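Structure at a glance
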Amino acid sequence: MAKWKNKKVGVLMGGFSREREISLKTGSAVLEALKRSGYNAAGIDCGADLMEVLGAENIDVAFIALHGPYGEDGCIQGVLEWLRIPYTGSGVLASALAMDKAVLNHLGRDLGLHIPKEIVFDCRYETLPAFLKRLHQEFGLAIRQPKSENVGFPVIVKPSREGSSINASIVRELSNLETAMTQALQSDCKVLVQEFISGKEITVAVLNGKALPSIEIVPKSGFYNFQSKYTQGATDYLLPARVSKVCLEKLRDISENVFRAIDCKGVARVDFIVNPVAEEPYFLEINTIPGMTETSLVPKAAAHAGISFEALCETILEGAGLQNSATNI
Ligand SMILES: Nc1ncnc2c1ncn2[C@@H]1O[C@H](COP(=O)(O)OP(=O)(O)OP(=O)(O)O)[C@@H](O)[C@H]1O
Ligand SMILES: [Mg+2]
């Protein structure tokens, strides 16, 4: 059922976030795929004049291809709700929850997920010098959470609301913590100092509530940073991931449960590290607007399941709606 075939589709891309360039790539790839499938689609570069542009373009439905703050965090979703323009993917709540790792991890623990131990720095409540001094004085080399949560080195320092590993870094000793914190604070006033989990990095795409085959990510540099994510040949991708069947089933169940628990729609991608001995999946995050260039992770997983890039984009588009609309009754 092609509800949007004879309607005007706006592919929203660009935006204000640090992932703007990635979004332009996602948007162009989606736009071309939709055109190949016969949709009347146009690209919209989202800037400060978005409201005027949306008014002028008179679109019937929006395919959101924005990444990071303002596009993936509920802001644009709220604008489209207000304008009553149906849009792809998750609504305001799921988008906002998924974007904020510190908040999501609180919920994740209640859902029984394994989440790396972490300390959240929030610059609204403490200054950075005070935070660092507290860690030095009270805890010495081992960083400790007041409620007996020990976080030992190495740690990963990452902004709570950011993507593409931007301003995230691995820290192996206390003396390097300040530089990493200062860098992460460029993205967000909330920063996670999180236990570094050694193991296999695995990602699971979920499409309309159902998990696609898992992908094991093997960055040649050893850290899946911005460079490893977007440089051709810098990372190997293995499908399905090289873990036991039991572990694959666990990854699938957790991914589908999180997708549903926070009310995601359309496509999302759940990132994990699986430790080698116990094969325990540690939950890192869920992305509600994952990269969608033809070589991105979600299209790779879809292709492995026999879903072409065009069919993937079409499925996501056809699921567009407003957040309270009943599509399945
Ligand atoms: N606790 C951890 N232990 C080990 N590695 C981690 C941990 N947290 C993050 N990483 C590494 O850092 C990368 C970026 O972390 P994460 O996925 O949480 O943030 P992101 O910037 O939102 O990424 P994305 O590009 O998926 O949006 C991960 O892909 C992983 O390689
Ligand atoms: Mg990630």
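Residues numbered from 1 in each chain as written. Chains lettered and ligands numbered in written order. Predicted model: local features only at pLDDT ≥ 70, side-chain atom pairs only at ≥ 80, totals over all residues. Heavy atoms only, no water.

1. Considering the coordination of the magnesium ion (ligand 2)
Only D271 (OD) and E285 (OE) from the protein coordinate the magnesium ion (ligand 2), and they sit 2.0 to 2.1 Å from it. Here the residue D271 occupies a position in strand β14 (residues 267-274), and E285 occupies one in strand β15 (residues 281-287), the gap between them amounting to 14 residues. Residue classification places D271 among the buried positions, given a relative accessible area of 7%. Since its relative accessible area comes to 13%, E285 is described here as buried. (Donors = N, O, S within 2.8 Å, 3.2 Å for Na, K, Ca; no water. Helix = DSSP H or I, 4+ residues; strand = E, 2+ residues; numbered from the N terminus. Buried < 20%, exposed > 50% of the residue type's maximum accessible area, 1.4 Å probe, protein only.)

2. Some remarks on the sheet that holds strand β3 (residues 61-64)
In space, the 3 strands of this open sheet follow the order β2-β1-β3, with parallel pairing throughout. The open sheet has two edge strands, β2 (40-46) and β3, and neither has a second partner. Sheet twist, expressed as the average angle between the axes of neighbouring strands with direction ignored, equals 30°. By the bridge criterion, 7 bridges tie strand β1 (residues 8-14) to β2 in an arrangement that is parallel. Bridged to G10 within β2 is A42. (Pairing = 2+ DSSP bridges. Axes fitted to C-alpha atoms, helices over the stretch in contact; angles between N-to-C directions.)

3. Here we look at the pattern of salt bridges
If you walk through the whole model with that rule in mind, you get 19 salt bridges. With its nearest N and O atoms 2.5 Å apart, the salt bridge here joins R242 to E216. Taken together, the residues R242 in the loop between β13 (235-238) and α9 (245-261) and E216 in strand β12 (residues 215-219) connect sequence positions 26 residues apart. The salt bridge involving D271 is made with R269; its shortest N-O contact spans 3.0 Å. Accessibility classification places D271 together with R269 in one group, the buried group. (Salt bridge = Lys/Arg side-chain N within 4 Å of Asp/Glu carboxyl O.)

4. Describing the packing of helix α4 (residues 92-99) against helix α5 (residues 101-110)
Orientation of α4 relative to α5, taken along the N-to-C sense of each, is 100°, at an axis distance of 5 Å. As far as their axial angle goes, α5 and α4 are roughly perpendicular. In contact with L97, A98 and M99 of α4, α5 contributes K101, V103, L104 and L107. Within the contact of α4 with α5, the residues separate by chemical class into 6 nonpolar, no polar and 1 charged. (Parallel < 35°, antiparallel > 145°, perpendicular 65-115°, else oblique. Contact = heavy atoms within 4.5 Å. Nonpolar A, V, L, I, M, F, W, Y, C, P; charged D, E, K, R; others polar.)

5. Focus on the environment of F226
Summarising the element assignment, F226 is placed in helix α8 (residues 226-230). Linking F226 and D73, residues 153 residues apart in sequence, is a C-alpha distance of 20 Å. Setting aside residues no more than four positions away along its own chain, F226 makes contact with I22, S164, S165 and I166.

6. So, a nonpolar patch on the surface
A cluster of nonpolar side chains, contributed by M51, W82 and L83, occupies part of the molecular surface with about 380 Å² of accessible area. Turning to its location among the elements, M51 is positioned in helix α2 (residues 50-57). (Patch = residues over 30% accessible without salt bridge, like charges linked within 9 Å, V, L, I, M, F, W, Y side chains within 5 Å. Areas by Shrake-Rupley, 256 points an atom, 1.4 Å probe, with all protein chains shown as cover.)

7. Thoughts on the nonpolar core
Ranked by internal contacts, the top residues of the largest apolar core, which has 32 residues, are V9, V11, L34, F63, M292, L312 and L317. Breaking this core down by element, the ones donating at least two residues are β1, α1 (20-36), β3, β10 (200-207), β12, α10 (297-304) and α11 (309-318). Looking at which domains feed residues into this core, each of domain 1 (8-89) and domain 2 (98-112 + 198-307) supplies at least three. Apart from residues no more than four positions distant in its own chain, M292 is found in contact with T26, A29, V30, V298, P299, F309, L312, C313 and I316. Among the nonpolar cores identified, the runner-up in size contains 24 residues, and I115, V206, C247 and F283 belong to it. (Core = buried A, V, L, I, M, F, W, Y, C linked by side-chain atoms within 4.5 Å. Domains from an automatic or database assignment.)

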